[in-house]
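Descriptive structure summary
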Amino acid sequence: MKKLLLSMAAVALLFTACDEDKNEITQDQEIDMSDFYVYTDIDTEEASKQTQGKESTRSCYAMANLNRQLNENPGLEKKMFEVEHHTRKFLAAKGKPPTAGGGSGGGSGETDVDVLPIEDNLGIINIPVYIHIVYPDANSISNAQINSQMATLNSDFRDINTNQLPSGTTFVNDATDAEFSFSLAGTFRHNDSKSSWGTNDSVKSAYPPITPETHMNIWVCEIGGGILGYAQFPGGNQATDGIVLGGDYFGNTGGAYGLGRTATHEVGHYLNLRHIWGDGKCNRDDFVTDTPTAGASNGGCPTFPSVSCKSADMTMNYMDYTYDSCMYMFTDGQRNRMRAIFTSGGPRAAMVGN
Ligand SMILES: [Zn+2]
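1. Considerations on the environment of Y321
Note on placement: Y321 falls in the loop between β9 (311-312) and α9 (332-340). A C-alpha to C-alpha distance of 9.7 Å links Y321 and A296, two positions 25 residues apart in sequence. With residues up to four places along the chain from it excluded, the contact list for Y321 reads T57, R58, S297, N298 and G299.

This is the structure we're talking about:
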């Protein structure tokens, strides 16, 4: 499988290079795409077995869902390769090289790298949101619950949440303002007696997204199987673009996943962030320089340091699997990566200025 992926990647690179001005070909060749991957080892059945009945494991189906979409849509892998290539090209042109050790509180980890925020001239990017409530009683999710979810997104993506980094962490200077805001553009309530929607986008077929090129669509419904949510990555089919969240994990609901951070995590995927451990062991990365390499996800609320791959894991990052109250940061590297998709030629550029 790996061999096939690599050769596909090479073909895709060639295709992209031929598409552009001759002057840019040299630059394209300098963009290293050798570590790019889309398929992960986890499939839907495996993910289900791993998460059932384990309260300490956050259960996100974004990668399992991506595997399914890749199998069903042969063109998706190339599309995602192009999105990644655009991101890397933009960051290479705009970004300053990361510095080792600076600004990270004098940490001891070998992967202690400080990335600076890029200047993309986009200011605070506002994302208008449509919310589809799909339940037998669609009024069971109150406006107050919706507003609490919007408030969490707005504080988490501006780094103004009230959670504190534990003492002794080396990541004290890495939490950043990603400069995104979210505005509620509309709520659509659908009374539907279906008791469980699963993870195969069926809720999106029943209630299609509204103008997904300019709005982020969120479906709130009973997913089933203990699944908290799943999101679609940039580059996917517009008809299924958006995020699905279980109502028990949407907004302030109490419990380990009751602060609305399932949405923060899934919006991270929607904005092109991978899981912080790269959905693989130490040789798999999340394509972000200032997040340490991790060998697996972390669950619960780990005491610092939780060490894997010879360095402390950033368990408090929104893209890990820890409890809501124990995750509270994006890094500058993640910020830059999310914002790159809104720049000219990026897959969500049409959202800017709406
Ligand atoms: Zn996830």
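After presenting the structure, the write-up continues.
2. Some remarks on the packing of helix α5 (residues 76-94) against α9
One can describe the packing of α5 onto α9 by two numbers: an axis separation of 9 Å at closest approach and a directional angle of 120 degrees. In terms of their interaxial angle, α5 and α9 are classed as oblique. You can see that α5 and α9 cross each other, and the crossing is right-handed. Across the interface between the two elements, T87, F90 and L91 from α5 touch N336, R337 and A340 from α9. Of the residues that constitute the contact of α5 with α9, the class distribution is three nonpolar, two polar and one charged.

3. Thoughts on the sheet that holds strand β3 (residues 125-135)
Sheet architecture is open: five strands sit in the order β4-β3-β5-β7-β6, paired in mixed fashion. The two strands at the open ends of the sheet, each matched to only one other strand, are β4 (180-191) and β6 (229-231). Averaged over neighbouring strand pairs, the angle between their axes works out to 20 degrees when direction is ignored. Sheet strands in contact with helix α6 (residues 143-156) are β3 and β4, and its direction is about 155 degrees off that of β4.

4. Examining the nonpolar core
One broad rule of soluble globular proteins: the nonpolar side chains tend to lie buried together. Counting 66 residues, the largest nonpolar core has I218, V220, C221, V244 and L245 as the members making the most contacts within it. Top contributing element to this core by residue count: β3, with six residues. Those residues within four positions of V220 in sequence are excluded, and the remaining contacts are I131, H132, I133, V134, I141, L245, G247 and F250.

5. A short note on the packing of α6 against helix α8 (residues 261-270)
Packing of α6 against α8 leaves a shortest axis separation of 9 Å and a crossing angle of 55 degrees. When the axis of α6 is compared with that of α8, the two are oblique. Taken as a pair, α6 and α8 cross one another with a handedness that is right-handed. On the side of α6, the interface is formed by Q149, T152, L153 and D156, while α8 contributes R261, A263, T264 and V267. Tallied by class, residues from the contact of α6 with α8 come to three nonpolar, three polar and two charged.

6. A look at α9
Along α9, nine of the nine residues are buried, which leaves the element largely enclosed by surrounding structure. Those residues of α9 that fall on the buried side of the exposure criterion are D332, G333, Q334, R335, N336, R337, M338, R339 and A340. Elements in contact with the buried residues of α9: α5 and β3.

7. Examining the pairing of β3
Inspection of the sheet shows β3 paired to β4 by eleven bridges, in the parallel sense. Considered in β4, the bridge of H132 is made with F188. Across six bridges, β3 lies against strand β5 (residues 216-221) in parallel orientation. Considered in β5, the bridge of I133 is made with V220.

Definitions and cut-offs
Residues numbered from 1 in each chain as written. Predicted model: local features only at pLDDT ≥ 70, side-chain atom pairs only at ≥ 80, totals over all residues. Helix = DSSP H or I, 4+ residues; strand = E, 2+ residues; numbered from the N terminus. Contact = placed C-beta atoms within 7 Å. Axes fitted to C-alpha atoms, helices over the stretch in contact; angles between N-to-C directions. Parallel < 35°, antiparallel > 145°, perpendicular 65-115°, else oblique. Left-handed = near helix turned anticlockwise from the far one by under 90°. Nonpolar A, V, L, I, M, F, W, Y, C, P; charged D, E, K, R; others polar. Pairing = 2+ DSSP bridges. Core = buried A, V, L, I, M, F, W, Y, C linked by C-beta atoms within 7 Å. Buried ≥ 20, exposed ≤ 12 C-beta atoms within 10 Å, placed from the backbone.

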